Each structure stands twice: as structure tokens, then as C-alpha cells.
Amino acid sequence: MATRFSSARHQAALSVPTGYRRWSRFTFSRGGLTRTLEPISGSLTQDARRNARWDGRLTFAGDNLLPRRPGDLLTPFGTRVEAELGLELLDGSVATVPYGTYEIASSRTRTEADQRVVEVGLIDISDRVERYRFETALTVAAGTDLGPMINTVVTNRVGVNPGVSTVGATLGVARIFGLDPSTAPWAEILDVLAGFSRTAWYDRVGEIQVGTIVPDPATAYPLDALTSLSADFDTRPPNVIVARGEPQDGSEPVQATAIDDDPSSPTYAGTGPGTSPYGRVTEFFASPLLETVSQAQSAANTILARHVGAGATYTLTRPYDPTITAGDVVSVDGAALAVDAVTLDLSGETSLQVREL
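Everything numeric in this text was worked out from a predicted model, so none of it was measured.

About the cut-offs
- Residues numbered from 1 in each chain as written.
- Predicted model: local features only at pLDDT ≥ 70, side-chain atom pairs only at ≥ 80, totals over all residues.
- Heavy atoms only, no water.
- Helix = DSSP H or I, 4+ residues; strand = E, 2+ residues; numbered from the N terminus.
- Rg over C-alpha atoms; globule rule 2.2 N^0.38 Å.
- Buried < 20%, exposed > 50% of the residue type's maximum accessible area, 1.4 Å probe, protein only.
- Contact = heavy atoms within 4.5 Å.
- Core = buried A, V, L, I, M, F, W, Y, C linked by side-chain atoms within 4.5 Å.
- Phe/Tyr/Trp six-rings, centres within 6.5 Å; stacked < 30°, edge-to-face > 60°.
- Lys NZ or Arg CZ within 6 Å of the ring centre and 35° of its normal.
- Expected span 1.5 Å × (residues − 1).

Caption draft 1: Structural context of the overall build of the chain. A tally of regular secondary structure across the chain gives five helices and 20 strands. At 22 Å, the chain has a C-alpha radius of gyration in line with the 21 Å of a compact globule built from 357 residues. Along the longest, intermediate and shortest principal axes, the C-alpha atoms of the chain span 65 × 50 × 35 Å. Looking at the chain as a whole, 47% of its 357 residues qualify as buried. Residue pairs in contact within the chain that sit at least 24 positions apart in sequence constitute 65% of those at least 6 positions apart.

This is the structure we're talking about:
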């Protein structure tokens, strides 16, 4: 759900751009050094379709901020960035919300006619887990809840327990991480969760959350003050999902199929090959954690639900709004739309990539 301002007055002001002043605070820290800086421009993006949900870019001006050595603060060698955005009303009152925790991924300096600037690229903090691949395999025992499983892997990679709570779903068989050196730890975690129709992400304050993959239309909230709407019909999403499980204990493989059988859907698969205008587009998903046909069917249904509507995506723009979160469901003119991605321009508008549910 959206992370709203605690003040209703400030929340309502988002629809009246002339009634407030934008407010931001970016806190940079590394090795005991902390500085709060204000950029002259930048944008931040959160995208629920990616393994790494957050990224961004910021531009700062001033000779005193230019990094000259790798150990300087604004360099990509371990500096963490905490973002907080909000607005200030005409009476001077301020309301804010956290807007992600990042690491610096790149840093470039340039000299302009009247100033020197540094452009900083930001990346999701899951990158720290992702980059440290396994030198030796790590086994998580059968019967382990998915939350403690995540804690075990992340602690093994970065030395800090993220404290993810139990999820209520457990590994039916042991999971061995690190068998494929081309697969990174965070991607492996998400692969396991996908077999349980779940995913994980770092939230606005840098804590790991675990949730379902499919947005719930019942959570939709109205979105007003839109400034533009554009449509994009450039993909052909799958309408047949085949989920396969090949348990590592030698049990018989299981398989289930989910098909878009809604005649009103633009990606309707028909009652058989050649019986729909769209035709059939198949996607396969395999996981050793799918041990029963029921589990495989649940995984197939979840993946299909994620793709339905993906062929027709829309870009909505509205005034500056730091309260919308990727993964939200919004209501526009009575239609429920899943928010796949949000890009917030610190000095411009907020754009949303959405699809109809």
C-alpha cells in the first residue's frame, strides 16, 4: 500500500502543486562518516518487476563535494544512502516519508560554465547480497520457514541478520545455494520464493519484506490529479504457463498448466490451438521445490496472473508524489491498475507504469 504522510493536510496538498514546496533529505554514510546533502536535481525509481527494486541518480554542485580519491564519500565503494522525501506547506509545516535505501553504484564529475557537479548513480542495497557469490555451497535444511531461510542466506553473505519474520511456508526439501556459480544469492532467494508464489524486496527503510506476487484489486485506492496518460501495446505476454517440479529426492516429477481462459481477455488462449485471435504463447517455470501437483498449479496460476494485462501497459503522470509505492493498486475512472514501477523526478512530475487487472 501507499506510504502516506502522517498529516492529512500534507497528503491532500499533493493534488494542489501550488500549495507546497518540495522537501528532500539524502543521508550519505560510510565508515563512521555521515553527511546530509541536498541535490540540485535527480530522479528515483522503484520497479516491482525487477529483482533489485530501487535505483536512482542524483546531481550535486560544489567543489567541496567533488570526489577526488576512491575513499571519498561520494564514490561507489560502500557508501550507503538513505532518502527521505516530503513537502513543506506555506505555513512552514513539513511532512515526510522514507523513499528507499541505496548504495552508490557510480560517480562522475564534470565542470560546467559556472559550477562543478558530481553525478551519483544509486542502486538497490540487495546488490550487496547479489555481488558476493558463493565460494562453497550453502545448505538450508528441509522444514525451514522461508523467512529464516532468507535470514540464513543474507547473513552468510553480508554478516548481518535482516530479521525477516516467519512466513508460514516451509521448504519441503533441503535447498542447496551456490551450486550454479552463474546465479547470484539474491536471485536464488527470489527463485525459491517464486515456487511459493511469493517474492521479496527491500522496502522504503531498507528492510526485507516478503509478499505475494499478484496485486490484490481489493486494495485499490483512488488516484486523482493526473496530468497525462499514454498507452503502450508492444509486448506479447504468455497466456499458457507450465510449472514443473523435479524434487531433488528422486520423487516423480510433477507438472501443472494454467491457461488464460477468459474470453474477454485480449490474451485469451481459446479452447484449443487456433481458436483465439491471439493464439497461444507458452512460458515454462521449473523449481525443485514444487513437490506436488497442487504446488505446481498454484505457481502456474500465480505466474499467469502476473502476466495477464502485461500486453497493455499505461504510463500515468501526476504532480510530485512520494507516497505511491511500486506494487500498489490504484483506481482510475473505475479501473483497477497495478503499479509496476514509479519514477519520481525531484524537480518534475511522478510517472507510473501501470497495467489493468
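Caption draft 2: Structural view of the nonpolar core. Counting residues in hydrophobic clusters, the biggest one holds 45 residues, and the most contacted among them are F26, F28, F60, L74 and Y99. The residues contacting F60, other than those within four sequence positions of it, are F28, L37, E38, P39, I40, L65, L74, R116, V117, V118 and V120. One finds V164, W186, V192 and L193 within the second-largest nonpolar core, a separate group that totals 25 residues.

Caption draft 3: Layout of the packing of aromatic side chains. Scanning all chains against the criterion turns up six aromatic pairs. Ring plane angle 80° and centroid distance 5.5 Å describe the contact between W54 and Y99, whose orientation is recorded as edge-to-face. You can see W54 sitting in strand β4 (residues 54-61) and its partner Y99 sitting in strand β6 (residues 94-111), a full 45 residues away along the chain. Of the two residues examined, W54 and Y99, each falls in the buried class. Positioned above the aromatic ring of Y221 is the side chain of R4, whose terminal nitrogen or guanidinium carbon lies 4.9 Å from the ring centre. Above the plane of the ring of F177 lies R175, whose end atom (NZ or CZ) is 5.2 Å from the centre.

Caption draft 4: Fine view of helix α4 (residues 185-194). Most of α4 sits out of view: eight of its 10 residues are buried. For α4, the set of buried residues is P185, W186, A187, E188, I189, L190, V192 and L193. The elements touched by buried residues of α4 are α2 (126-131), α3 (146-158), β9 (175-177), β10 (198-202) and β11 (208-212).

Caption draft 5: Representation of helix α5 (residues 293-307) within the structure. Taking 1.5 Å per residue, 15 residues should reach 21 Å; α5 reaches 21 Å between its end C-alpha atoms and fits that length. The complete set of buried residues in α5 reads A296, A299, A300, T302, I303, L304 and H307. Elements in contact with the buried residues of α5: β14 (240-245), β15 (254-259) and β16 (282-286).

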